[in-house]
Amino acid sequence: MSFELPELGYAYTALEPLIDARTMEIHHTKHHGGYTANLNAALQGSGHEGKTIEEILKIAGTLPAAVRNNGGGYYNHNLYWEILTPGGSKEPRGVLLDAIRESFGSLTALKDAFVKAAITRFGSGWAWLLLDNNKLVVSSTPNQDNPLMDVAEVKGRPVLGIDVWEHAYYLNYQNRRPDYVEAFWNLINWDEVTRRFKG
Ligand code: MN3
């Protein structure tokens, strides 16, 4: 059994002009495709071939770097494309909005914390909104690590994640990571985030 690069389910042009088609295509086919192929190669003969991606990430700290990095890359991008799916609610509502207010005070306060985590993550990595013991928290991770990993500083179930590697935005935004983070925020499909929140 091996992992497969998922279809996006929408056109590379679907998120224009905020995220351009060329960035989407390279990001999906080359970067995500690369993590997927490299993960399968790294798992071959490792004794972990039958595991789910979640089972692999849970013990990432004990596995070779190629499994940790590519396994994280495989999982993180699956989540990223789903959260950016066109359509759906452009604002959190219902139980998710209640939980956001309980943890952060307001949606604006969540946005401020998330944007700050994304902008201040040094070098390549991800910023997250995650469930840690039923409480929503914001964190960030280096490289392709994520909150499901045993090595994560803040562990939990990711409900929202932004890729802040330069390959996610450099063609359109060059060094302006804050502009990309703002664009991402405006593209979030909150129905998908709610689905992940409910687990
Ligand atoms: Mn990426």
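Our subject in this report is the structure included herewith.

About the criteria used
- Residues numbered from 1 in each chain as written.
- Predicted model: local features only at pLDDT ≥ 70, side-chain atom pairs only at ≥ 80, totals over all residues.
- Heavy atoms only, no water.
- Core = buried A, V, L, I, M, F, W, Y, C linked by side-chain atoms within 4.5 Å.
- Buried < 20%, exposed > 50% of the residue type's maximum accessible area, 1.4 Å probe, protein only.
- Helix = DSSP H or I, 4+ residues; strand = E, 2+ residues; numbered from the N terminus.
- Contact = heavy atoms within 4.5 Å.
- 1 Å grid on protein atoms, 1.4 Å probe; cavity = no way out; pocket = protein on both sides within 12 Å on 5 of 7 lines; lining within 4 Å.
- Points joined across faces, edges and corners; volume = space filled by probe spheres on them.
- Nonpolar A, V, L, I, M, F, W, Y, C, P; charged D, E, K, R; others polar.
- Pairing = 2+ DSSP bridges.
- Axes fitted to C-alpha atoms, helices over the stretch in contact; angles between N-to-C directions.
- Parallel < 35°, antiparallel > 145°, perpendicular 65-115°, else oblique.
- Left-handed = near helix turned anticlockwise from the far one by under 90°.
- Phe/Tyr/Trp six-rings, centres within 6.5 Å; stacked < 30°, edge-to-face > 60°.

### What to know about the nonpolar core
With 56 residues, the main nonpolar core has Tyr80, Leu136, Leu160, Ile162, Tyr180, Phe184 and Trp190 as its most contacted residues. No other element matches the seven residues that helix H3 (residues 65–83) contributes to this core. Every residue in contact with Tyr80, bar those within four places of it in the chain, is listed here: Ile19, His27, Trp126, Gly161, Ile162, Asp163, Ala168, Tyr180 and Phe184.

### A look at the layout of surface pockets
By volume, the largest pocket amounts to about 200 Å³. In terms of lining residues, the largest pocket is bounded by Ile53, Glu54, Tyr75, Asn78, Leu148, Arg157, Pro158, Arg195, Arg196 and Gly199. Of all the secondary-structure elements, those providing two or more residues to the lining of the largest pocket are helix H2 (53–58), H3, strand S3 (157–163) and helix H8 (190–198). Residues of the lining of the largest pocket, tallied by class, amount to four nonpolar, two polar and four charged.

### A word on the pairing of strand S2 (residues 135–142)
Pairing of strand S1 (residues 125–132) with S2, which is carried by eight bridges, proceeds in the antiparallel orientation. The residue bridging Trp126 from the neighbouring strand is Thr141, located in S2. Linking S1 back to S2 in an antiparallel pair, the connection comprises two residues, with Asn133 at a positive phi of about 50 degrees.

### A word on the sheet that holds S3
In any sheet, the strands associate via hydrogen bonds between backbone groups, in a parallel or an antiparallel arrangement. Judged by pairing direction, the sheet is antiparallel, and its three strands sit side by side in the order S2-S1-S3 without closing on themselves. Whereas interior strands pair on both sides, the edge strands pair on one side only; in this sheet they are S2 and S3. Across the sheet, the axes of successive neighbouring strands diverge by a mean angle of 20 degrees, strand direction being ignored. Running over the sheet, H3 touches S1 and S3 and is turned about 85 degrees from S3. Sheet strands in contact with H8 are S1, S2 and S3, and its direction is about 145 degrees off that of S3.

### Describing helix H7 (residues 177–187)
Count 3.6 residues to each turn of an α-helix, and residues three or four apart come out pointing the same way. Those residues of H7 that sit buried are Arg177, Tyr180, Val181, Ala183, Phe184, Trp185 and Leu187. In this structure, the buried residues of H7 make contact with H3, helix H5 (107–120), S3, helix H6 (170–173) and H8.

### A closer look at the packing of helix H1 (residues 21–43) against H3
Running from amino to carboxyl end, H1 crosses H3 at an angle of 140 degrees, the nearest separation of the two axes being 8 Å. Taken as axis vectors, H1 and H3 run oblique relative to one another. Crossing hand, H1 versus H3: left-handed. Between H1, through Met24, His27, His28, His32, Gly34, Tyr35, Thr36, Asn38, Leu39, Ala42 and Leu43, and H3, the contact on the second element is made entirely by Ala66, Val67, Asn70, Gly71, Gly73, Tyr74, His77, Asn78, Tyr80 and Trp81. In the contact of H1 with H3, the residues fall into 10 nonpolar, 11 polar and no charged.

### A word on the packing of aromatic side chains
Within this structure, the stated rule accounts for 10 aromatic pairs. Aromatic side chains Tyr80 and Phe184 sit 5.9 Å apart centroid to centroid with 15 degrees between the ring planes, which places their arrangement in the stacked category. Pair noted here: Tyr80 is in helix H3 and Phe184 is in helix H7, with a separation of 104 residues, a long-range link. For Tyr80, a relative accessible area of 0% translates into the label buried.

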